[in-house]
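A closer look at the structure
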Amino acid sequence: MFTSYIAIGDSFTEGVGDDLPDGRVRGWADFVALGLAAASPEPVRYANLAIRGRKLGPIVAEQIDPAIAQHPQLVSLNGGGNDIMRPRVAIRDVARILVDAADRVTASGSHMLLLSGANPSAHLPLGGLVRKRGNELAREVRAMLPRDGITFVDNWADEGLEDIRYWSEDRLHLNALGHARVASNVLTAFDVPVPEEWGVEEVAASPGGERSRRTAEYYRRFVLPWIGRRLTGRSSGDGRQAKIAELTVVDPASAQPL
């Protein structure tokens, strides 16, 4: 049982798409921390250094050292999703950076949770290209595993997560149900009970959602702003700070309902 956990990454790990009433975002890493705390007889401390919009290089450069410096028992890393959506990307290099970063974490004495993101390609413009690149990245990472001290959770291979019910309005980020399912995959990998109140099994067993259409309003609200940021060299994470920069005790009683 891990009693200290730090999450690093981009919007997937920050929790974008799982919006709380007070304007904060929650996400799968927060759910994992809550699950660890609910199952542990000792206090569990948690930090989340992830910042939306980050490519893998900045994640590694900006977040790994601050995470290692706090000496957590567990560190999670997801990255590369923003890289594979750029016009040009060397997939093998992205995979190597991921695994090298994981090796740095294990060399520091922490256990490494390396996980892939969910596959949004069924709902996105140019989704076929995203799927092709995501499949290639997944193959490259899997080929370098298993490794000592690394637990790999392959959410990209979880076909159930592709259902529209798990995705937020922008169809690029998971909603609360999707983040809860990813957290369930992680906790299951560590043989930690998944809280029943998350309803993960109930949602998975219910009928799938109907595929929604991409309307002009969808392009206006989500696609055009994304293109604008790419053309001007801006990021959705510009000026943002880590939401939980230091290891903090988790209070399971503070959990928000899905």
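Let us look at the structure shown here. Keep in mind the model is a prediction, meaning the values are calculated, not measured. (Residues numbered from 1 in each chain as written. Predicted model: local features only at pLDDT ≥ 70, side-chain atom pairs only at ≥ 80, totals over all residues. Heavy atoms only, no water.)

1. What about the overall build of the chain?
Note the cut-off: Strands here mean DSSP runs of E at least two residues long; helices mean DSSP runs of H or I at least four residues long; both are numbered from the N terminus. The atom set for the radius of gyration is the C-alpha atoms, and the globule formula is 2.2 Å times the number of residues raised to the power 0.38.
Looking only at helices and strands, the chain features eight helices and six strands. The order of helices and strands in the chain, counted from the N terminus, is β-α-α-β-α-β-α-β-α-β-α-α-α-β. For the chain, the C-alpha radius of gyration of 17 Å lies close to 18 Å, the compact-globule estimate for 258 residues. Expressed along its principal axes, the backbone C-alpha trace of the chain runs to roughly 50 × 40 × 35 Å.

2. Some remarks on a nonpolar patch on the surface
Rules: Each patch is built from salt-bridge-free residues with over 30% relative accessible area, joining like charges within 9 Å and nonpolar side chains (Val, Leu, Ile, Met, Phe, Trp, Tyr) within 5 Å. Throughout, the Shrake-Rupley method with a 1.4 Å probe supplies accessible areas, and for residues the shown protein chains are the sole cover considered. The term salt bridge refers to a pairing of a side-chain nitrogen on Lys or Arg with a carboxyl oxygen on Asp or Glu at a separation within 4 Å.
A contiguous nonpolar patch, built from Leu-224, Ile-227 and Leu-231 and spanning about 320 Å² of accessible area, is present on the exposed surface. Structurally, the position occupied by Leu-224 is in helix α8 (residues 216–232).

3. Some thoughts on the side chain of Thr-151
Spelled out, the test is: Contacts described as polar in this section are N or O atom pairs within 3.5 Å, which, within protein, must combine one atom able to donate a hydrogen with one able to accept it, while residues neighboring in sequence count only if both atoms come from side chains. The contact criterion used is simple: two residues touch if any of their non-hydrogen atoms lie within 4.5 Å.
Topologically, Thr-151 is positioned in strand β5 (residues 150–154). Looking at Thr-151, its side chain comes within polar contact range of the side chain of His-111, at 2.7 Å. Look past the residues within four positions of Thr-151 in its chain and what remains in contact with it is His-111, Met-112, Leu-113, Leu-114, Ala-189 and Phe-190.

4. A closer look at the packing of aromatic side chains
Where we set the bar: Two rings from Phe, Tyr or Trp (for Trp, the six-membered ring) form a pair when their centres are within 6.5 Å of each other. A pair whose planes differ by under 30 degrees is stacked, one over 60 is edge-to-face, and the rest are tilted. Burial classification: accessible surface area is computed with a 1.4 Å probe over protein chains only, and a residue below 20% of its type maximum counts as buried, one above 50% as exposed, and the rest as partly exposed.
Scanning all chains against the criterion turns up six aromatic pairs. Judged by centre distance (5.1 Å) and plane angle (75°), the ring pair of Phe-2 and Phe-190 falls under edge-to-face. Placement of Phe-2 in the segment before β1 (4–8) and of Phe-190 in the loop between α6 (176–189) and α7 (200–205) is noted, with a sequence separation of 188 residues between them. Look at Phe-2 and you get buried, because its relative accessible area is 18%.

5. Looking at the pattern of salt bridges
Counting across every chain of the model gives 16 salt bridges. Two residues, Arg-92 and Glu-140, come together in a salt bridge whose shortest N-O distance is 3.4 Å. Taken together, the residues span a long stretch of sequence, with Arg-92 in helix α4 (residues 91–107) and Glu-140 in helix α5 (residues 127–143) at a distance of 48 residues. The class of Arg-92 is exposed, set by a relative accessible area of 59%. In this structure, the salt-bridge partner of Asp-103 is Arg-147, at a minimum N-O distance of 2.9 Å. With a gap of 44 residues between them, Asp-103 in helix α4 and Arg-147 in the loop between α5 and β5 connect regions that are remote in the sequence. Through salt bridges with shared partners, a single ionic network connects Glu-14, Arg-52 and Arg-240.

6. A look at α5
Worth spelling out the cut-off: Expected span of a helix: the number of residues minus one, times 1.5 Å.
With 17 residues, α5 should reach 24 Å at 1.5 Å per residue; the first-to-last C-alpha distance of 24 Å fits that figure. Buried residues belonging to α5 abut α4, β4 (111–116) and β5.

7. Concerning helix α2 (residues 28–39)
Taking 1.5 Å per residue as the helical rise, α2 with its 12 residues ought to reach 16 Å, and the 16 Å between its terminal C-alpha atoms agrees with that figure. Summarising burial for α2: 10 of the 12 residues are buried, a large majority. Burial in α2 covers these residues: Trp-28, Ala-29, Asp-30, Phe-31, Val-32, Ala-33, Leu-34, Gly-35, Leu-36 and Ala-37. On its buried side, α2 packs onto β1, α1 (11–14), β2 (45–48), β3 (74–77), β4 and α6.

8. Some thoughts on the packing of α2 against α6
Axes are the key here: two packed helices are described by the angle between their axes and the distance separating the axes. Selection criterion: All axes are obtained by fitting lines to C-alpha atoms, using only the stretch in contact for helices, and the reported angles, taken between N-to-C directions, cover 0 to 180 degrees. Throughout this description, any angle smaller than 35 degrees is read as roughly parallel, any larger than 145 degrees as roughly antiparallel, any in the 65 to 115 degree range as roughly perpendicular, and the remainder as oblique. When the near helix sits turned anticlockwise from the far one by under a right angle, the crossing is termed left-handed; a clockwise turn instead gives a right-handed crossing. Polar here means any residue outside two lists: the nonpolar Ala, Val, Leu, Ile, Met, Phe, Trp, Tyr, Cys and Pro, and the charged Asp, Glu, Lys and Arg; Gly therefore counts as polar.
Running from amino to carboxyl end, α2 crosses α6 at an angle of 50°, the nearest separation of the two axes being 8 Å. In terms of orientation, α2 lies oblique with respect to α6. For the pair α2 and α6, the crossing hand works out as right-handed. On α6, the residues touching Trp-28, Phe-31, Val-32, Gly-35 and Leu-36 of α2 are Ala-176, His-179, Ala-180, Val-182, Ala-183, Val-186 and Leu-187. Counted by class, the contact of α2 with α6 contains 10 nonpolar, two polar and no charged residues.

9. Describing the nonpolar core
Considering soluble globular proteins, one finds that nonpolar side chains tend to be buried as a cluster. What counts here: Buried Ala, Val, Leu, Ile, Met, Phe, Trp, Tyr and Cys residues that are joined via side-chain atoms within 4.5 Å together make up what is termed a nonpolar core.
By size, the foremost hydrophobic cluster in this structure holds 34 residues, and its most contacted members are Tyr-5, Trp-28, Val-32, Leu-113, Leu-115, Leu-174 and Val-186. Elements supplying a minimum of two residues to this core: β1, α2, β4, α6 and α7. No other element matches the eight residues that α2 contributes to this core. In this structure, Leu-77, Val-94, Ala-95 and Ala-101 belong to the second largest nonpolar core, which totals 29 residues.

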